[in-house]
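Letter by letter, the chains look like this.
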Amino acid sequence: MEPLAFTFRGFNKELVEQLVEKIAKALQGYELKSFLVGCTFEDYLSEEAKRMLRKEFQAFLVKKLEEKLGIKADYSNADAEILVNFNQDLVFFLIKSVYIYGRYRKYARGLPQTKYYCFKCKGKGCNYCNYKGVLSNESVEEIIAKYALPLFEAPEAKFHGAGREDKDVRMLGPGREFVLEIIEPKKRSINLKELERMINENEKTKIEVFDLKYCNKDKIKELKSKKSDKVYLALIECENKVSEDTLKKILGKYEVIQRTPKRVLSRRADIERKKRAEIIEAKQKDSLIEMKIRAESGLYIKEFISGDNGRTKPSVSELLGTKCECKELDVVDIID
Ligand SMILES: [Zn+2]
């Protein structure tokens, strides 16, 4: 929200009422259950004068705002912060975000989880990105936001996922947890069942969302710290033919030593990690091999299959004695 300019000198009831009118007008259309007021008084005033103003002026302003807005001041849980700055003659507004928890399944390959900003302009818009600021056409984040933003009458949203899958990987099974943060919403209590229905009806070939519910900000930290094992179903192409017998022999648990994959080295530090993996099932499927693999959080599964030129050991390539490549990958379960 844009800050509101005012000119206000001296403690005068009439002036306070004028300020209250202005603030109420600026907040018109925002669904709020509570607010708080913070005042910054002129720097040249003594501490004593500021203390008096806080006691008298600020308390009176709060009382008048409660009457005008029809809601209560709440300093522990305010939907809006109203910050009156007498040094700048501006009122700043901070509308609290609304947080929605949910899970998504992703059925379309080639769909990234979040939008990626243009690396040349960092989202500002330039020649390279056609002045869109983003390089992705569509993402799980953008699809959900497309339906949520008009309902909440909000300008933007931020997506926080409990991890992510590559854009060519489908997310099936129990779905992936996420929190959608709605920034500066005008509406705060829309029917989430309705949002769920709209997304699932219109986007069913791409994604599905479910379990939507309101949550608080702490949920983001909780999701980010989760380290869940994942079960993948992979379609693998092998250079040489592999017998059913050989496939049976490689079932079992492995301790994998993995250096950061070559394909992500430009973005991630080159470190070595030790992760668990278990090949649960392996069978021929047409000319390919279908393999079910359980992997510890943080294992790069495509590289566990290919071996990444010896950077991941052991790998499916090494175990089968022939060069293997992952052609298709689905997350089929997330184990908390
Ligand atoms: Zn750009």
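This section reports on the structure supplied with the text. (Residues numbered from 1 in each chain as written. Predicted model: local features only at pLDDT ≥ 70, side-chain atom pairs only at ≥ 80, totals over all residues.)

**Quick word on the sheet that holds strand 5 (residues 90-95)**
Heads up, the rule is: Think of it this way: DSSP has to see at least two bridges between two strands before they count as a pair. What counts as a helix is a DSSP run of H or I of at least four residues, what counts as a strand is a run of E of at least two, and both are numbered from the N terminus. By the convention adopted here, residues are in contact when the distance between their C-beta atoms, placed from the backbone, does not exceed 7 Å. To obtain each axis, a line is fitted to C-alpha atoms, and for helices this fit is confined to the stretch in contact; angles are then taken between N-to-C directions over 0 to 180 degrees.
Judged by pairing direction, the sheet is mixed, and its five strands sit side by side in the order 1-5-4-2-3 without closing on themselves. Looking at strand neighbours, the two that pair on one side only are strand 1 (4-5) and strand 3 (72-73), the edges of this open sheet. Here six bridges tie strand 2 (residues 34-40) to strand 4 (residues 80-85), and the two strands are oriented parallel to one another. Paired with Thr-40 across the two strands is Asn-85, which belongs to strand 4. Across the sheet, helix 2 (residues 47-69) is in contact with strand 2 and strand 3; its angle to strand 2 comes to roughly 150 degrees.

**Quick word on the pairing of strand 2**
Both strand 2 and strand 3 contribute to a ladder of two bridges, which runs parallel. Within strand 3, the residue paired with Ser-34 across the bridge is Lys-72.

**Digging into the pairing of strand 6 (residues 98-106)**
Consecutive residues of a regular strand have side chains that alternate between opposite faces of the sheet. Pairing geometry for strand 6 and strand 8 (residues 170-183), over eight bridges, is antiparallel. Looking at the pairing, Tyr-104 lines up with Arg-176 of strand 8.

**What about the nonpolar core?**
Formally: For this analysis, nonpolar core means a set of buried Ala, Val, Leu, Ile, Met, Phe, Trp, Tyr and Cys residues linked through C-beta atoms within 7 Å. As a rule, residues whose C-beta atom has 12 or fewer other C-beta atoms within 10 Å are exposed, those with 20 or more are buried, and those in between are partly exposed; C-beta atoms are placed from the backbone. These domain boundaries are the output of an automatic or database domain assignment.
Core analysis: the largest hydrophobic core is formed by 49 residues, its most contacted members being Ile-144, Ala-148 and Ile-301. The element best represented in this core is helix 3 (residues 140-152), accounting for seven residues. Per-domain counts for this core show at least three residues from each of domain 2 (98-224) and domain 3 (229-335). The residues contacting Ile-301, other than those within four sequence positions of it, are Tyr-232, Ile-293, Ala-295 and Leu-329. Of all hydrophobic cores here, the second largest spans 15 residues; its members include Ile-23, Leu-27, Phe-57 and Ile-82.

**Regarding the packing of helix 3 against helix 4 (residues 192-202)**
Our working definition: Working definition: roughly parallel below 35 degrees, roughly antiparallel above 145 degrees, roughly perpendicular at 65 to 115 degrees, and oblique for all remaining angles. We call a crossing left-handed when the near helix sits turned anticlockwise from the far one by less than a right angle, and right-handed when that turn is clockwise. Polar here means any residue other than Ala, Val, Leu, Ile, Met, Phe, Trp, Tyr, Cys and Pro, which are nonpolar, and Asp, Glu, Lys and Arg, which are charged; Gly is therefore polar.
Packing of helix 3 against helix 4 brings their axes to within 10 Å, and their N-to-C directions diverge by 140 degrees. Comparing their axes, helix 4 and helix 3 come out oblique. Note that helix 3 runs across helix 4; the crossing there is right-handed. For the pair formed by helix 3 and helix 4, the contact residues are Ile-143, Ile-144, Tyr-147, Ala-148 and Leu-151 on the first element and Leu-195, Met-198 and Ile-199 on the second. Residue composition of the contact of helix 3 with helix 4, by class: eight nonpolar, no polar and no charged.

**Here we look at unusual backbone geometry**
In this chain, Lys-313 is followed by Pro-314 through a cis amide linkage whose omega measures -10 degrees. Mapped onto the elements of the fold, Pro-314 is located in the loop between strand 14 (312-313) and helix 8 (316-320). Positive phi is not limited to glycine here, since Asn-130 has a value of about 65 degrees. In this structure, Asn-130 sits in the loop between strand 6 and helix 3. Asn-130 gets classed as exposed once you count the C-beta atoms within 10 Å, which come to 11.

**Examining helix 2**
Inclusion rule: Expected span of a helix, by definition, is 1.5 Å for each gap between consecutive residues, and there is one gap fewer than residues. Two axes define the bend at a residue: one fitted to the seven residues ending there, one fitted to the seven starting there, and the bend is the angle between them.
For helix 2, spanning 23 residues, the distance from its first C-alpha to its last is 30 Å, which sits close to the expected 33 Å at 1.5 Å a residue. Within helix 2, the axis deviates most sharply at Arg-54, by approximately 35 degrees. All of the buried residues in helix 2 are Phe-57, Leu-61, Leu-65 and Leu-69. Residues of helix 2 that are buried sit in contact with helix 1 (13-26) and strand 2. Following helix 2 by one or two positions, Gly-70 has its phi on the positive side, about 70 degrees.

Spatial relationships are all this shows, so hold off on functional conclusions.
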